[in-house]
Amino acid sequence: MRRDPPDVRELVGEEGSPQELDRLRRVHDLLVAAGPPPRLSPALVRPPRVGRLALLARPRRRSLAALALAAALAAGAFAVGYAVAPRGGFRAAWVVPMHGLGRHAQAHAVLKIGRADAHGNIPIEMEVQGLPPLPASAYYELYLAKKGKPSASCGTFRTGPGTTLVRLSIAYQLQPWGRRWDGWIVTVNRPGRPPAFELVVLTT
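Computed from a predicted model, the values in this text were never measured in an experiment.

What counts, and at which threshold
- Residues numbered from 1 in each chain as written.
- Predicted model: local features only at pLDDT ≥ 70, side-chain atom pairs only at ≥ 80, totals over all residues.
- Heavy atoms only, no water.
- Phe/Tyr/Trp six-rings, centres within 6.5 Å; stacked < 30°, edge-to-face > 60°.
- Helix = DSSP H or I, 4+ residues; strand = E, 2+ residues; numbered from the N terminus.
- Buried < 20%, exposed > 50% of the residue type's maximum accessible area, 1.4 Å probe, protein only.

*Asks:* Residue-level account of the packing of aromatic side chains, with values.
*Replies:* Two descriptors summarise a pair of aromatic rings, namely the distance from one centre to the other and the angle between the planes of the rings. Here the structure, examined in full by the defined rule, presents five aromatic pairs. Between Y140 and F157, the ring centres sit 5.7 Å apart and the planes meet at 25°, which makes this aromatic pair stacked. Here F157 lies in strand β5 (residues 149–157) and Y140 lies in strand β4 (residues 139–146), a separation of 17 residues in the sequence. In this structure Y140 comes out as buried when scored by relative accessible area, which is 1%. Note on F157: relative accessible area 5%, which makes it buried. Taken together, a centroid distance of 6.0 Å and an interplanar angle of 20° make the contact between W177 and W184 stacked. Judged by its relative accessible area of 1%, W184 is buried. Following the ring pairs from residue to residue traces out a cluster consisting of W94, W177 and W184.

As structure tokens, this is what we get:
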């Protein structure tokens with residue numbers, strides 16, 4: 001007589017929160033709907049000898065439930081990652097947050113550093129919030145820094161209301177990190193003053 005597939009509670013018991021059990025039930029229903037796997041090929045019925053194998057203890061029911069839940073959560077994590085970095089979008093190899101200083105303490109930024117291209121150019125995408133617009137003759141400048149001091153310019157930019165998206169490119173060798181540089185800073189540069197000695201408004 002054909003037996004109906006077991007309910008998920010028969011497999012994992014009553015342990016876990018209602019949310020966990022609901023998630024496991026959805027995964028279980030998908031597996032049942034997929035049906036049994038195809039019949040094993042006759043060539044694989046007797047597997048080749050590969051030497052001594054270590055026998056694993058049979059996991060408890062709670063472990064099986066945890067594995068199933070982890071698989072479901074992992075699938076969700078991949079979906080989130082795809083939404084953050086869609087096909088054809090900016091691919092960040094390194095994400096660095098920055099925070100404001102002094103009277104710009106409410107400002108913040110996120111640096112997204114990409115991978116170097118075939119010529120050694122490294123793209124940077126920067127999202128800035130809270131830095132006020134400057135007069136026409138002034139500008140902000142992103143620097144690689146050592147011990148909080150500007151060392152190598154990564155480009156200049158201006159801001160507007162809301163979030164400003166800035167795209168820059170550098171050709172410096174960033175690795176090994178910490179030898180030549182150990183952080184990033186943003187300065188505000190005004191005419192008549194040396195750029196490297198201007199006020200630091202953002203730092204890592």
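What follows picks up the thread again.
*Asks:* Run through the environment of K147, naming residues and quoting values.
*Replies:* Tracing the backbone shows K147 in the loop between β4 and β5. Assessed through its relative accessible area of 71%, K147 is described here as exposed. In sequence terms K147 and W181 are 34 residues apart; their C-alpha atoms lie 7.9 Å from each other.

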